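Notes for the structure review
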Amino acid sequence: MVSDRYHIILASNSPRRKELLRGIDIPFEIRVLDGIDESYPDSLPTKDVAGYISKKKADAYQQTMASDELIITADTIVVLGQEVMGKPKDAADAHQMLQKLSGKTHQVITGVCLTTQERQVCFSVETDVTFKTLTDEEITYYVDHYQPFDKAGAYGIQEWIGHVGVTGLKGSYFNVMGLPVQRIYEALNTF
């Protein structure tokens, strides 16, 4: 197993990513660098944005990593049509994002990079999520009570809005939570 050869680092402060990675019983520690630029070129196809940002994060860590470390970086976006939805700026932005997602199917894409000093493996996982038509009252309740300001697309599928609003899912549920752990497990085992 890769954890016998490398000390695994999860480069994220996300409580959801920590919980998900713990679920595959691989020992790891958390390391977070502040100030990583998460911008991307406007000309980049929407399907490539999460992978691009994940690689930028990985490249920032490469300068400081030890030879026995493997760093996992990830970035999750929500895509509706050609619009990339990151984290909302405030409650009004969150409300607007959820109104756009209401009654539609969108894609959640997580880009992941596994990086050592010698090697880098990057991939993206895409999941289709369908919402029922949400009422303004439901959106307001969710935003006020759950404050989804640290979540791409302004929602957490594991929270109230996912329980009452998601009518369809094609792909990995855990990817929508922010980390496609099944794919990471497979990639670590073949690294």
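Ranked by size, the top nonpolar core spans 43 residues in total, and within it Leu-70, Ile-72 and Tyr-155 carry the most contacts. At 5 residues, the largest contribution of residues to this core is made by strand S3 (residues 69-80). Setting aside chain neighbours within four positions, we find Ile-72 in contact with Ile-8, Ile-9, Leu-10, Ala-11, Leu-21, Val-112, Cys-113, Leu-114 and Ile-184.

The subject of this paragraph is the state of the cysteines. All told, the structure shown has 1 disulfide when counted by the stated rule. Bridging Cys-113 to Cys-122, the disulfide has an S-S length of 2.2 Å. Taking the sign of the S-S torsion, 110° for the link of Cys-113 and Cys-122, the bridge is right-handed. Taking the relative accessible area as the measure of exposure, Cys-113 reaches 0% and is therefore buried.

This part covers the packing of aromatic side chains. By the definition in use, this model includes 5 aromatic pairs. Relative to Phe-191, the ring of Tyr-6 has its centre 6.1 Å away and its plane inclined at 85°; by these criteria the two rings are edge-to-face. In this pair, Tyr-6 sits in the loop between helix H1 (2-5) and strand S1 (7-10) while Phe-191 sits in the segment after helix H8 (181-189), placing the two residues 185 residues apart along the sequence. Judged by its relative accessible area of 17%, Tyr-6 is buried. An angle of 75° between the planes, with centres 5.7 Å apart, marks the rings of Tyr-173 and Phe-174 as edge-to-face. Lying across the ring of Phe-191, Arg-119 places its NZ or CZ 4.5 Å from the centre.

Take the pattern of salt bridges next. Counted according to the given criterion, the structure contains 13 salt bridges. Measuring nitrogen to oxygen at the nearest pair gives 3.3 Å for the salt bridge that ties Lys-57 to Asp-75. One end of the pair, Lys-57, is in helix H3 (residues 49-62); the other, Asp-75, is in strand S3, and 18 residues separate them in sequence. Both residues of the pair, Lys-57 and Asp-75, belong to the buried class. Overlapping salt bridges bring together Arg-16, Asp-150, Lys-151 and Glu-159 as one network.

Definitions and limits used
- Residues numbered from 1 in each chain as written.
- Predicted model: local features only at pLDDT ≥ 70, side-chain atom pairs only at ≥ 80, totals over all residues.
- Heavy atoms only, no water.
- Core = buried A, V, L, I, M, F, W, Y, C linked by side-chain atoms within 4.5 Å.
- Buried < 20%, exposed > 50% of the residue type's maximum accessible area, 1.4 Å probe, protein only.
- Helix = DSSP H or I, 4+ residues; strand = E, 2+ residues; numbered from the N terminus.
- Contact = heavy atoms within 4.5 Å.
- Disulfide = S-S within 2.5 Å.
- Phe/Tyr/Trp six-rings, centres within 6.5 Å; stacked < 30°, edge-to-face > 60°.
- Lys NZ or Arg CZ within 6 Å of the ring centre and 35° of its normal.
- Salt bridge = Lys/Arg side-chain N within 4 Å of Asp/Glu carboxyl O.

So, to be careful, I would describe these as geometric facts and stop short of saying anything about function.
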